[in-house]
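# Structural characterization, general
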Amino acid sequence: MENKIMLGEPEDKKKSTAIVLYLIFLFLVMSLIYRAIILFYLPNETSQPVEQAEVVDPDKYFEGCDLKFENCSDADTNCNLHLFCNDQKYETCRIYDCGDYYGVAKRVAGAEMVFVEETKPDAARVLEKKTECKGTLEILENDCVNGKTEILSSVVTNGECKVNNFMVYFKEVGLRPIEFSSVENEQYLITANYCGDLDKVVAVGRGGVSIDRKRF
């Protein structure tokens, strides 16, 4: 009897081990099936349509107004209302004549269009300002230093007109960003972040009035 019991113990252990392994396998299979069901029925958030902001047409925004300047963002254009577009560098700046006021639609590159209503300036004062700011621009020196163009210029105006900015154009790349500082009376050091052949330099006075330009 003792021998029979001893012979039966390994068989029982094998059966117990097999049952445990089967239960573990069954648990793993059920877990995988459960995860698959969850993933299948989980809503796909990335597939939801994204609502885009409405793009406003400036012609419709200022409906009933006359388009006076299609783009007045550059002081070198024949736009006598550049003072509405010179607070920063705009990609486009459209100006509409709306009777009692000017409608301005301007946009910085990569941004949304901004709409502004501007009071019409006094015509006599604008003409006076333009007359005061007209003058001469002379280029005294032009050198390339450490990958930047340094331009020493002299600006003389007909009246009391502060130089607000310079616009530097290169033949290869067009307009480039600049920094400038007053060196001494009527002389300014202009630094552009590019070295190349100059095409044009424009001195800009208050209100965006073009003082003078020098072509090369």
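Located above this text is the structure these notes cover.
This write-up is about the structure you can find in this document. Each chain has its residues counted from 1, running along the sequence as written. Predicted model: local features are reported for residues with pLDDT of at least 70 only, side-chain atom pairs are reported and counted for 80 or more only, and whole-chain, interface and lining totals are derived from all residues. Think of the side-chain values as coming from all heavy atoms in the structure, minus any hydrogens and water.

## Remarks on the nonpolar core
Operational definition: Definition of nonpolar core: a set of buried residues of the types Ala, Val, Leu, Ile, Met, Phe, Trp, Tyr and Cys, connected through side-chain atoms within 4.5 Å. Burial classes follow relative accessibility: with a 1.4 Å probe on protein chains only, a residue under 20% of its type's maximum area counts as buried, one over 50% as exposed, and anything between as partly exposed. Secondary structure is summarised from DSSP: a helix means a run of H or I of at least four residues, a strand means a run of E of at least two, and numbering begins at the N terminus for each. Contacts between residues were defined by any pair of non-hydrogen atoms, one from each residue, lying within 4.5 Å.
Within the largest apolar cluster, 17 residues are counted, with the highest numbers of intra-cluster contacts made by Val-155, Phe-166, Val-168 and Val-201. Breaking this core down by element, the ones donating at least two residues are strand 6 (148-157), strand 7 (163-170), strand 10 (187-192) and strand 11 (198-205). Looking at which element gives the most residues to this core, the answer is strand 7, with four residues. Setting aside residues up to four positions removed in sequence, Val-155 forms contacts with Thr-136, Leu-137, Val-163, Phe-166, Glu-186, Tyr-188, Ala-203 and Ile-211. By size, the runner-up hydrophobic cluster in this structure holds 10 residues, among which are Leu-81, Phe-84, Cys-93 and Ile-95.

## Some details on a nonpolar patch on the surface
Convention followed: Residues forming no salt bridge and having over 30% relative accessible area are the ones grouped into patches, like charges within 9 Å of each other and nonpolar side chains (Val, Leu, Ile, Met, Phe, Trp, Tyr) within 5 Å. Using the Shrake-Rupley algorithm and a 1.4 Å probe, accessible areas are obtained, with residue cover drawn only from the displayed protein chains. By convention in these notes, a salt bridge is any Lys or Arg side-chain nitrogen within 4 Å of a carboxyl oxygen on Asp or Glu.
Where nonpolar side chains cluster on the molecular surface, the patch consists of Ile-19, Tyr-22, Leu-23, Leu-26, Met-30 and Ile-33 and spans about 610 Å² of accessible area. You can see Leu-26 is positioned in helix 1 (residues 2-41). Since its relative accessible area comes to 37%, Leu-26 is described here as partly exposed.

## Observations concerning the pairing of strand 6
Note the threshold: At least two bridges found by DSSP between two strands are what make those strands a pair.
Judged by how many residues are buried, strand 6 sits mostly within the fold: seven of 10 residues are covered. Between strand 5 (residues 135-145) and strand 6, which pair antiparallel in sequence order, lie two residues; one of them, Asn-146, sits at a positive phi of approximately 55°. Relative to strand 10, strand 6 runs antiparallel, the two being bridged by six bridges. Bridge pairing in strand 10 places Ser-154 opposite Gln-187.

## Notes on the sheet that holds strand 8 (residues 174-176)
The following threshold applies: A fitted line through C-alpha atoms serves as each axis, taken over the contacting stretch for helices, and the angle formed by two N-to-C directions is quoted from 0 to 180°.
Spatially, 8-7-11-12 is the arrangement adopted by the four strands of the open sheet, whose pairing is antiparallel. This sheet does not close on itself; its edge strands, each paired only once, are strand 8 and strand 12 (210-215). Across the sheet, the axes of successive neighbouring strands diverge by a mean angle of 25°, strand direction being ignored. The pairing of strand 7 with strand 11 spans seven bridges and is classified as antiparallel. The partner of Phe-170 across the bridge, within strand 11, is Leu-198.

## Details of the layout of surface pockets
To find leftover empty space, a probe the size of one water molecule is rolled over the atoms. To be explicit about the condition: Here a cavity is any set of points on a 1 Å grid over the protein atoms alone where a 1.4 Å probe fits but cannot get out, and a pocket is any open set with protein on both sides within 12 Å along at least 5 of 7 lines; a residue lines the site when it has an atom within 4 Å of a point. Grid points are joined across faces, edges and corners, and a volume is the space filled by probe spheres set on the points.
Approximately 360 Å³ is the volume found for the largest pocket. Around the largest pocket sit 19 residues that line it, and Gln-88, Lys-89, Asn-165, Phe-166 and Met-167 are the ones nearest its centre. Broken down by secondary-structure element, the contributors of at least two residues to the lining of the largest pocket are strand 7 and strand 8.

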